[in-house]
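# Observations on the model geometry
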Amino acid sequence: MSNKKSIVDIPTVNKIARLSRLDIPEKNKQSLTNDLNNILGFVANLEEVDTSNVEPLASVTGHKLPLRSDIVTDGNMEDLVLKNAPESSSGFFVVPKVIE
Amino acid sequence: MSETSKLKPGHIQGETGVWEMVIGLEIHAQVSSKSKLFSGASATFGAQANSNVSLVDAAMPGMLPVINEYCVEQAVKTGLALNAQINNISVFDRKNYFYADLPQGYQISQFTKPIVGEGEINIDVDDNNQTTIGIERLHLEQDAGKSLHDQHPSKSYIDLNRTGVALMEIVSKPDIRSPQEAGAYVKKIRSILRYVGSCDGNMEEGSLRADCNVSVRKAGEEFGTRCEIKNLNSIRFINQAIQAEAERQVEILESGGEINQETRLFDTSTGETRSMRSKEDAHDYRYFPDPDLLPLEFTDSFVQDIKDKLPELPDFVKKRLVNEYGITPYDASILVEEKDYVNFFEKAATGGDGKLTANWMISELFGALKKENLLLSNSPISPETLGELIGLISKGIISGKIAKDVFSEMMISSKKPSDIVKEKGLEQVSDDKEILKLVDKVIADNQDKVKDYLSGKDKLFGFFVGQVMKISQGKANPGLVNKMLKENLK
C-alpha cells in the first residue's frame, strides 16, 4: 500500500482517540497510525469501482425493517438495570458531577 | 430612545448601522407514544427513576432496537401537516458522543436520509405581518436521559426513563428574522402538533424544546457566522435568548471581532448566553448508518391512509373562522392555537356578533384567565355565559363599559350575566323620556358651560356627555345621549 498516500497522521489518531475516550499509550501511536493507514489504504481500493449509477446498499439480506406495535412490554427492572453501576442511590445512577 | 423605537422587530441599531437577525430553529417534539422508539419500555413522564428502562435503553450488550410503528406514523402525519415531502425510504444513523445520560455512547438519529424533507408553514406575527417559513426536514431520533445536578455536591444523578423516547426534530430554514417571528413559528408548530395529535406540545414537561441558530448581518449581505443556543423550553426564553445573542454578536462585530461558531447556553437568571466549553468537539459526531437497523421503507398507500385520516389543520380552521364570523386573520390565528379555543369561541359566538365575541375572548377573557393563572378549561365563564354577555351588548341592553363590570362579576361568581344585570339594575337606559330628564338636569346644572359651548367651545360637548353618563351611573345609552344633547343644547 506504499503507493497510496497516508490518510491518517498522529494528530488525527490523537483526535479520534479523544473523541472515543480511548487512552492510547504514546509508544503505540506510531504503529496504530501505520495500521490505520494500511486498513484505509486497503479499503480505498474500492474507490476504483464505478458506482455512479448504484444506489447505496444498506443491507445484503433483502430483509425489510421489522416494525413493532406501540405497546408497553418492557421495563420495571430497576435492580437489573442498576446492577452493574459502580454507584447508585435511590434508584438513580450516580456519576461524577457533569454540569456546565 | 425615539430612534430605537422606530426599529423594526429583529433589527438592531449599532454604531455602524442597522443589523438584521437571521434565525433558524430546531424543535424537538416528543412523540406522544405509549412506548419508546426502539424498545417496549413505557414512554410516560414522571415515573419513578429508572423504572421505565429496558435493557435496550440501558444499552446492554446484545440488545437490538426494534422500531415502533406508531412513531413512524406520527412522523409521517406531522410531515404531511407541515406540507412537506415524505421520503418512503429513510435511514437511521448513529450520532456518536459521550454523556452520562446516553448509555449507548451514540444517539440513533437520521442524518443524510430523514423520513420527512422540505416543507413550509404560514405564521401570523401580528395583524400586519403574515409570512411563510420554510421547513428543512423532520427526522426521528432518540431522546437522552435526564441528569440531576442538585442532589449531591460532587455527583450527578442519572435517570434513564427518558432515554430512547421518540423525538421528532423539526428543522426550519434560516427564514426567521425576529424573536417575534420565532415565537409565532414555535406557536404554530405546537398547534399543528396538537391538532394532529403527534405531540402534546407541553413545554414545561419538556416534550417540546427548541435550539435556536442565530446570526446577524447588514441588510442584503451574506449570512454571518451563527451560534446555536441549546435547549430553550419556553417561548419567552426563546425571545430573550435570541435578542441577547444577536446583541452580543453585533457588539463583537462592531468592535472588530469575529464570531466563533459554537454552542451556547441561555442563562435565565442573567438573561445572557454563554459558551458551553465541553461542546468543543460536539460537532464531530462521526455519523454512520446504524448497522442494527435496516432502512425504513413504506409504500405510497401507507402515506395515503395517513393523509386520508388527517384532521382539520389550524390554517383550514382559521380560514373558516374568518369567512364565517368575519373576524380578522390575526384574531383567528390566536383562536386556532388550541382546539379548545376554537370550540369555546364557536359556542360563544352563537350569541350573535362573531367579531365582538373574538375581541372579548382574546382581550378580556384571556387577560383575566392569565391574571388568575387559569386555563380556558377551568374558566369560571362558560362559552354560553360569554355568548349571553355579548348578546346583551349587541342588543343594546347594556353598554360596553357596564359589560366590563358584569364580566368581572362573572369571573368571581360564575353567575349568568342577565341575572347580574337584573340584580344590580344595570340595564342600559334607552328610554327617550328617561334620558331627556338626565340631559335637562345636566344642562340646568351647568349653565355657565352651556354659555361657553354655545359661544363656540365645541370641545365642551364631551363634558356634557360625560356628565349625563355619570349621573346615569354608566347606564344611559351613549348613542341616545349624544343625539338628545345635540338637540337640546341650542
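Turning next to the overall build of chain B. A count of helices and strands for chain B gives 16 helices and 17 strands. In terms of C-alpha radius of gyration, chain B reaches 29 Å, well past the compact-globule figure of 23 Å for 490 residues. Scored against the burial criterion, the 490 residues of chain B give a buried share of 41%.

Turning to the overall build of chain A, a few remarks are in order. Scanning chain A from terminus to terminus reveals three helices and three strands. Secondary structure of chain A in N-to-C order comes out as α-α-β-α-β-β. Against the globule reference of 13 Å for 100 residues, chain A gives a C-alpha radius of gyration of 23 Å, more extended than a compact globule. In terms of principal-axis extent, the alpha carbons of chain A reach across some 60 × 45 × 25 Å. A total of 100 residues make up chain A; the buried ones form 6% of that total.

Counting residues at the interface gives 31 residues for chain A, matched by 44 residues for chain B. Mapped by element, the contributors of at least two residues to the side of chain A that touches chain B are β1 (67-68), α3 (78-82) and β3 (92-96) of chain A. Take the side of chain A that touches chain B: its biggest share by element is five residues, from β3(A). Within the side of chain A that touches chain B, the residues separate by chemical class into 16 nonpolar, seven polar and eight charged. Strand direction decides the pairing type here: β3(A) and strand β10 (residues 155-159) of chain B, joined by four bridges, are antiparallel.

Sheet architecture is open: four strands sit in the order β2(A)-β3(A)-β10(B)-β9(B), paired in antiparallel fashion. This sheet does not close on itself; its edge strands, each paired only once, are β2 (88-89) of chain A together with β9 (146-148) of chain B.

Once that is clear, we can look at unusual backbone geometry. Residue and element names in this part refer to chain B. One non-glycine residue, Asn-50, lies in positive phi territory at about 60°. As for its placement among the helices and strands, Asn-50 is situated in the loop between β2 (18-30) and β3 (67-68). A tally of 27 C-beta atoms within 10 Å means that Asn-50 is categorised as buried.

Attention now goes to the confidence of the model for chain A. For chain A, per-residue confidence averages 88 on the pLDDT scale, and residues scoring 70 or more make up 93% of the total. No element of chain A has a lower mean pLDDT than helix α1 (residues 10-19) of chain A, at 90, and none a higher one than β1(A), at 96.

What follows covers the sheet that holds strand β16 (residues 288-289) of chain B. Residue and element names in this part refer to chain B. With antiparallel pairing, three strands are arranged side by side in an open sheet as β6-β5-β16. The open sheet has two free edges, formed respectively by β6 (106-109) and β16, since each of these has just one partner strand. Two elements, strand β5 (residues 93-96) and β6, share four bridges in a ladder whose sense is antiparallel. For Lys-95, the partnering residue across the bridge sits in β6 and is Gln-107.

What follows covers the packing of helix α8 (residues 339-348) of chain B against helix α10 (residues 383-394) of chain B. Residue and element names in this part refer to chain B. Where α8 contacts α10, the axes come no closer than 8 Å and their chain directions differ by 45°. Here α8 is positioned oblique relative to α10, judged by the angle of their axes. Viewed along their axes, α8 and α10 form a crossing whose handedness is right-handed. Counted together, Phe-344, Lys-347 and Ala-348 of α8 and Pro-383, Glu-384, Leu-386, Gly-387 and Ile-390 of α10 form the full contact between these two elements. Looking at side-chain class alone, the contact of α8 with α10 contains five nonpolar, one polar and two charged residues.

All names here are of chain B. The set of residues buried in α8 consists of Val-342, Phe-344, Phe-345 and Ala-348. Each buried residue of α8 lies within a common arc of 165° when the element is viewed along its axis, so the set occupies one face. Check the buried side of α8 and you find it contacts α6 (314-325), α7 (329-335), α9 (354-371) and α10.

A separate point is the domain arrangement of chain B. Residue and element names in this part refer to chain B. When its domains are assigned, chain B resolves into domain 1 (2-306), domain 2 (314-424) and domain 3 (432-488). Once you take the C-alpha centre of each, domain 1 and domain 2 turn out to be 35 Å apart. Facing the 10 residues of domain 1 at the interface are 10 residues of domain 2. Taken together, the elements giving at least two residues each to the side of domain 1 that touches domain 2 come down to β7 (119-126) and α3 (179-196). Element by element, the count of residues in the side of domain 1 that touches domain 2 is highest for α3, at five residues.

The next subject is the pairing of β5(B). Relative to β16(B), β5(B) runs antiparallel, the two being bridged by two bridges. If you follow B:Asp93 over to β16(B), its bridge partner there is B:Pro289.

A few words on the pairing of strand β14 (residues 263-267) of chain B. Residue and element names in this part refer to chain B. Going residue by residue along β14, you find Arg-264 and Phe-266 tucked away on one face and Thr-263, Leu-265 and Asp-267 left uncovered on the opposite face. Alignment of strand β13 (residues 227-232) against β14, held across two bridges, turns out to be parallel. Its bridge partner being in β14, Glu-228 is matched across the sheet by Thr-263. The parallel pair β13 and β14, bridged by helix α4 (residues 235-254), forms a crossover whose chirality is left-handed. Bridge count between β14 and strand β15 (residues 272-275): four bridges; the pairing is antiparallel. Pairing of Arg-264 across the sheet is with Ser-275, part of β15.

All names here are of chain B. The interhelical angle for the contact between helix α13 (residues 432-445) and helix α15 (residues 461-471), taken along N-to-C directions, is 120°, at an axis separation of 9 Å. Classified by the angle between their axes, α13 and α15 sit oblique to one another. Pair α13 / α15 crosses with right-handed handedness. Here Leu-438, Val-439, Lys-441 and Val-442 of α13 lie close against α15, whose contacting residues are Phe-464, Gln-467, Val-468 and Ile-471. A per-class count over the contact of α13 with α15 returns six nonpolar, one polar and one charged.

Residues of chain B with pLDDT of at least 70 account for 97%, and the chain-wide mean is 91. Both scores are available for the predicted complex, with the pTM at 0.84 and the ipTM at 0.86.

Each value, and the rule that gives it
Residues numbered from 1 in each chain as written. Chains lettered and ligands numbered in written order. Predicted model: local features only at pLDDT ≥ 70, side-chain atom pairs only at ≥ 80, totals over all residues. Helix = DSSP H or I, 4+ residues; strand = E, 2+ residues; numbered from the N terminus. Rg over C-alpha atoms; globule rule 2.2 N^0.38 Å. Buried ≥ 20, exposed ≤ 12 C-beta atoms within 10 Å, placed from the backbone. Contact = placed C-beta atoms within 7 Å. Nonpolar A, V, L, I, M, F, W, Y, C, P; charged D, E, K, R; others polar. Pairing = 2+ DSSP bridges. pLDDT = per-residue confidence, 0-100. Axes fitted to C-alpha atoms, helices over the stretch in contact; angles between N-to-C directions. Parallel < 35°, antiparallel > 145°, perpendicular 65-115°, else oblique. Left-handed = near helix turned anticlockwise from the far one by under 90°. Arc of directions from axis to C-beta. Domains from an automatic or database assignment. Right-handed = clockwise from strand over helix to strand, strands pointing away.

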